[in-house]
Amino acid sequence: MKKLFNMLAASASAMASGPDGDKFEVAGLPVRCAHCRGELFVEGRAQLNTAGMSFLNLDWANRSAATLACVACGRIEWFLADPEERA
Ligand SMILES: [Zn+2]
């Protein structure tokens, strides 16, 4: 799970450096935070083919996922599809 923790730490430091975040959409729908309903996220990447993900039975994915970290509350949304930035 070390990789996952490193990824989370990287997301946290990206948030600490003070980006305003961007708006994204997936499958034609705007991405909103499931926790605070915020619309601004910092995009990141995470490999799914780690020991941790194998343990979680996600071997079928075996590729990278996009992570969108909510700049308002810090919740991370995960997508296998590539989120598109909204203007
Ligand atoms: Zn949020």
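Residues numbered from 1 in each chain as written. Predicted model: local features only at pLDDT ≥ 70, side-chain atom pairs only at ≥ 80, totals over all residues. Heavy atoms only, no water.

Enquirer: Just give me the short version of the sheet that holds strand S1 (residues 24-26), but keep the residues and values in it.
Expert: Overall, antiparallel pairing links the 3 strands, which are arranged S2-S1-S6 in an open sheet. Edge positions in the sheet fall to strand S2 (29-30) and strand S6 (84-85), since each has one partner strand and no second. By the bridge criterion, 2 bridges tie S1 to S6 in an arrangement that is antiparallel. Each residue of the ladder has a partner; that of Phe24, found in S6, is Glu85. (Pairing = 2+ DSSP bridges. Helix = DSSP H or I, 4+ residues; strand = E, 2+ residues; numbered from the N terminus.)

Enquirer: I'd love a proper account of unusual backbone geometry, names of residues and values included.
Expert: We note that Ala27 has phi near 55 degrees; this positive angle belongs to a residue other than glycine. Residue position: Ala27 is located in the loop between S1 and S2. For Arg37, which is not a glycine, the phi torsion comes out positive at approximately 70 degrees. Judged by relative accessible area, Arg37 falls into the partly exposed class, the value being 47%. (Buried < 20%, exposed > 50% of the residue type's maximum accessible area, 1.4 Å probe, protein only.)

Enquirer: Tell me about the environment of Leu40, and please be specific about residues and values.
Expert: The residue Leu40 is located in the loop between S2 and strand S3 (41-47) in this model. Spatially, the C-alpha atoms of Leu40 and Lys23 are 5.0 Å apart, while their sequence positions differ by 17 residues. Residues contacting Leu40, with those up to four places away along its chain left out, are Asp20, Gly21, Asp22, Lys23, Ala69, Cys70 and Val71. (Contact = heavy atoms within 4.5 Å.)

Enquirer: Lay out the coordination of the zinc ion in plain terms, naming residues and giving numbers.
Expert: Distances from the zinc ion to its protein donors, namely Cys33 (SG), Cys36 (SG), Cys70 (SG) and Cys73 (SG), fall within the range 2.3 Å. Each of the 4 donor atoms around the zinc ion contributes to a set of angles spanning 102 to 116 degrees, which defines the coordination as tetrahedral. You can call Cys33 buried: its relative accessible area is 0%. Residue classification places Cys36 among the partly exposed residues on the basis of a relative accessible area of 33%. (Donors = N, O, S within 2.8 Å, 3.2 Å for Na, K, Ca; no water. Tetrahedral: all angles 85-135°; square planar, octahedral: opposite > 155°, others 65-115°.)

Enquirer: So, the pattern of salt bridges: which residues are in play, and what are the values?
Expert: For the coordinates displayed, the defined rule picks out 4 salt bridges. Among the ionic pairs, Arg45 bridges to Asp82, the shortest N-O distance being 2.1 Å. Taken together, the positions of Arg45 in strand S3 and Asp82 in the loop between strand S5 (76-79) and S6 put the pair 37 residues apart, joining distant regions of the chain. Judged by its relative accessible area of 52%, Asp82 falls in the exposed class. Here Glu77 makes a salt bridge to Arg75, at a shortest N to O gap of 2.8 Å. (Salt bridge = Lys/Arg side-chain N within 4 Å of Asp/Glu carboxyl O.)

Enquirer: Kindly report on the pairing of S5, identifying the contributing residues and their values.
Expert: Two faces make up the sheet, and in a regular strand the side chains alternate between them. Of the pairings in the sheet, the one linking strand S4 (residues 64-70) to S5 comprises 4 bridges and is antiparallel in character. Residue pairing in the sheet places Leu68 in a bridge with Glu77 of S5. Once S4 ends, the chain turns through 5 residues before running back antiparallel as S5, passing Gly74 with a positive phi of about 90 degrees.

In short, shape yes, function no, at least from these values alone.
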